Every structure is written in structure tokens, then in C-alpha cells.
Amino acid sequence: MNPGGDGPRSLPDALAGALDRALAPDAATWLEQACAAVRREPGEVEGTFAVAARRCGRGALDVGAEAGAGADAGTGLGAGWSVDDAARVLLLAALPVRGAALAAVVSRLYRVGGGPERRAVLRSLSLLEAAGDLGDLGLPLVEDALRCNDPRLIAAAVGPYGARRLGAHAFRQAVLKCVFVGVPLDLVAALDARADAELDRMMADFAAERRAAGRALPPDVAAYLHTHRVSTEATA
């Protein structure tokens with residue numbers, strides 16, 4: 001399978017490798033043909049994107065040796081990917097459009113899609129940022145996902161693209177949203193790099209409120225406070 005077209009792209013190559021292990025021969029053939037069709041005619045992506053789960057499956061993707069692929073470019077492949085996530089991201093990687101035209105396609109797929117389709121679009125943004133001149137044009141999709149209460153969408157929104165593109169205030173609010181809805185903080189890309197004194201204060205306040213209410217502190221919040229040497233004494 002060579003879904004990414006011309007030139008090596010570490011994340012598409014890693015996804016293709018993982019899918020080679022996951023897909024039955026007929027599903028692999030369908031995906032290869034679907035990516036080729038999208039490269040020829042971008043409009044083909046709407047139909048193929050919609051049926052990718054039915055044609056390829058919805059199971060968890062075993063990333064195996066590909067785990068962390070694309071880390072240097074901030075597009076890393078890690079835990080939590082599904083087979084249909086990977087197939088849909090490869091379909092988007094095959095699009096031969098860039099910039100505003102690319103943003104229009106992925107925005108439409110996000111708006112008309114359900115949760116799995118939206119998650120795949122969010123997962124693709126870092127790759128499209130690097131390969132398709134997406135810039136900030138995908139940021140409204142991240143912001144939309146962060147307004148919902150679906151942990152799977154929120155986790156995808158705080159991936160590498162969101163970590164790079166969200167402003168300081170929005171990033172802090174995204175981290176707190178993860179805490180409140182139960183998204184593990186180790187899924188927040190670049191958390192240590194972007195943490196600042198204000199986020200430390202917000203996390204300390206959250207911890208103080210939990211303790212005052214007699215509620216246990218989530219382990220990842222406790223780990224954040226320890227790693228960043230944040231005092232949980234009153235911050236007011």
C-alpha cells in the first residue's frame with residue numbers, strides 16, 4: 001500500500017504499515033483503490049470517507065513498531081487509534097489540494113460527519129498542516145471539538161496540531177477540560193512544554209477544590225503537580 005503519494009511521509013507510512021497487519025486483503029485493496037481515486041479526483045473523498053469503517057473495520061489499531069512515528073514532525077502515532085481512524089487519515093493524506101481548498105474539504109467532512117469521522121479529521125490535522133499548508137485553517141475544528149463533552153473528540157483535539165495552534169488561554173482551558181471529562185493528561189501533546197505559571201495555578205485550584213469537597217485527586221493531576229513542583233496551598 002502506498003497511500004501517501006509522492007515522497008515519504010512518516011505518519012502515512014506508519015499507518016500503512018499498521019493497516020497492512022490489520023486489514024483483510026479485500027479491505028486493503030479497497031483502501032488502496034480509494035486513495036488512488038481521491039488523488040485523481042478530490043471529490044471522491046466524501047463517499048470513501050463515509051464508508052471507510054464499513055469497508056476496513058472499527059477495531060483498535062495495533063501500532064506495534066510504528067508507535068511514535070512522525071514524532072519529529074509532531075504528528076505522532078500512539079495509543080487510541082482505530083482501524084477506521086487510520087484509513088480515513090490516509091484518505092485525507094491522499095487529497096491533492098492545499099491551503100484553503102484543503103481546509104474547505106476537511107471542514108465539510110467534519111461538519112457532516114459523526115463522532116468517528118470528526119475524530120479522524122482531528123487526528124489528520126498535524127499531517128495536513130505539514131503536507132498541505134493548512135496553517136491555522138483547521139483551528140476552528142479543534143475549538144469546536146473542545147466545546148463538546150465527548151472524551152474521544154477532546155483527546156483528538158489536544159493532539160499535536162491543537163498544542164501548536166491554540167493560544168495560551170485556550171490551551172489552558174483545554175487542559176482543564178481534559179481533567180473534567182477524564183481525558184488522561186498524557187494525551188495532551190506538548191503539555192510540559194506549554195505549561196506555565198497560570199496553568200499551574202489553575203491545576204492547584206482544582207486540587208484544592210477537590211480536597212475541600214473530600215474527593216480524591218485524579219492520579220494524572222497529582223503527577224502534574226508533582227512534576228511541575230506546584231504547591232496545592234491556597235492560591236487566592
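This write-up is about the structure you can find in this document.

Reading the values: the criteria
Residues numbered from 1 in each chain as written. Predicted model: local features only at pLDDT ≥ 70, side-chain atom pairs only at ≥ 80, totals over all residues. Heavy atoms only, no water. Salt bridge = Lys/Arg side-chain N within 4 Å of Asp/Glu carboxyl O. Helix = DSSP H or I, 4+ residues; strand = E, 2+ residues; numbered from the N terminus. Buried < 20%, exposed > 50% of the residue type's maximum accessible area, 1.4 Å probe, protein only. Axes fitted to C-alpha atoms, helices over the stretch in contact; angles between N-to-C directions. Parallel < 35°, antiparallel > 145°, perpendicular 65-115°, else oblique. Contact = heavy atoms within 4.5 Å. Nonpolar A, V, L, I, M, F, W, Y, C, P; charged D, E, K, R; others polar. Left-handed = near helix turned anticlockwise from the far one by under 90°. 1 Å grid on protein atoms, 1.4 Å probe; cavity = no way out; pocket = protein on both sides within 12 Å on 5 of 7 lines; lining within 4 Å. Points joined across faces, edges and corners; volume = space filled by probe spheres on them. Expected span 1.5 Å × (residues − 1). Phe/Tyr/Trp six-rings, centres within 6.5 Å; stacked < 30°, edge-to-face > 60°. Lys NZ or Arg CZ within 6 Å of the ring centre and 35° of its normal.

**Section: the pattern of salt bridges**
- The full count for this structure, using the stated rule, is 16 salt bridges.
- Between Arg165 and Glu129 there is a salt bridge, with the nearest N and O atoms lying 2.8 Å from each other. Of the two residues, Arg165 sits in helix H9 (residues 160-165) while Glu129 sits in helix H6 (residues 115-131), which places them 36 residues apart along the sequence.
- For Arg165, a relative accessible area of 27% corresponds to the partly exposed category.

**Overview of the packing of helix H2 (residues 25-40) against helix H3 (residues 44-56)**
- As a packed pair, H2 and H3 sit with axes 10 Å apart at the nearest point and diverge in direction by 170°. As judged from the angle between their axes, H2 and H3 are roughly antiparallel. Contacts between H2 and H3 involve Ala27, Trp30, Leu31, Ala34, Ala37 and Val38 on the former and, on the latter, Glu44, Val45, Thr48, Val51, Ala52, Arg55 and Cys56.
- Residues belonging to the contact of H2 with H3 are distributed by class as follows: ten nonpolar, one polar and two charged.

**Comments concerning the packing of H6 against helix H7 (residues 139-146)**
- As a packed pair, H6 and H7 sit with axes 10 Å apart at the nearest point and diverge in direction by 130°. Comparing their axes, H7 and H6 come out oblique. Considering how the two elements wind past one another, H6 and H7 form a crossing that is left-handed. Counting all contacts with H6, which are made through Arg118, Val121, Leu122 and Leu125, the residues of H7 involved are Leu141, Val142, Asp144 and Ala145.

**Here's the deal with the layout of surface pockets**
- The volume enclosed by the largest pocket comes to roughly 610 Å³.
- What lines the largest pocket is a set of 30 residues, and nearest its centre among them are Ala79, Trp81, Arg123, Ala155 and Leu187.
- At the level of secondary structure, the elements contributing two or more residues to the lining of the largest pocket comprise H6, helix H8 (151-157) and H9.
- The residue makeup of the lining of the largest pocket, split by class, is 18 nonpolar, eight polar and four charged.

**Some remarks on helix H12 (residues 197-212)**
- With 16 residues, H12 should reach 22 Å at 1.5 Å per residue; the first-to-last C-alpha distance of 22 Å fits that figure.
- Of the positions making up H12, those classed as buried are Leu199, Asp200, Met202, Met203, Ala204, Phe206, Ala207 and Arg210.
- Looking one or two places after H12, you find Gly214, whose phi comes out positive at around 75°.

**A closer look at unusual backbone geometry**
- Look at Asp133: it is not a glycine, yet its phi comes out positive at around 55°.
- Of note, Asp133 is situated in the loop between H6 and H7.
- Even without being a glycine, Arg229 presents a positive backbone phi close to 55°.
- If you trace the backbone, Arg229 turns up in the segment after helix H13 (219-227).
- The class for Arg229 is exposed, based on a relative accessible area of 79%.

**Looking at the packing of aromatic side chains**
- According to the stated counting rule, one finds one aromatic pair in the structure shown.
- Taken together, a centroid distance of 5.4 Å and an interplanar angle of 85° make the contact between Phe180 and Phe206 edge-to-face. Here Phe180, found in helix H10 (residues 168-181), pairs with Phe206, found in helix H12; they are 26 residues apart in sequence, far enough to count as distant.
- Note on Phe180: relative accessible area 59%, which makes it exposed.
- For Phe206, a relative accessible area of 7% translates into the label buried.
- Seen from the ring of Phe49, Arg88 lies directly overhead, with NZ or CZ sitting 5.5 Å from the centre.
- Over the ring of Phe171 we find Arg194, and its NZ or CZ is 4.5 Å from the ring centre.

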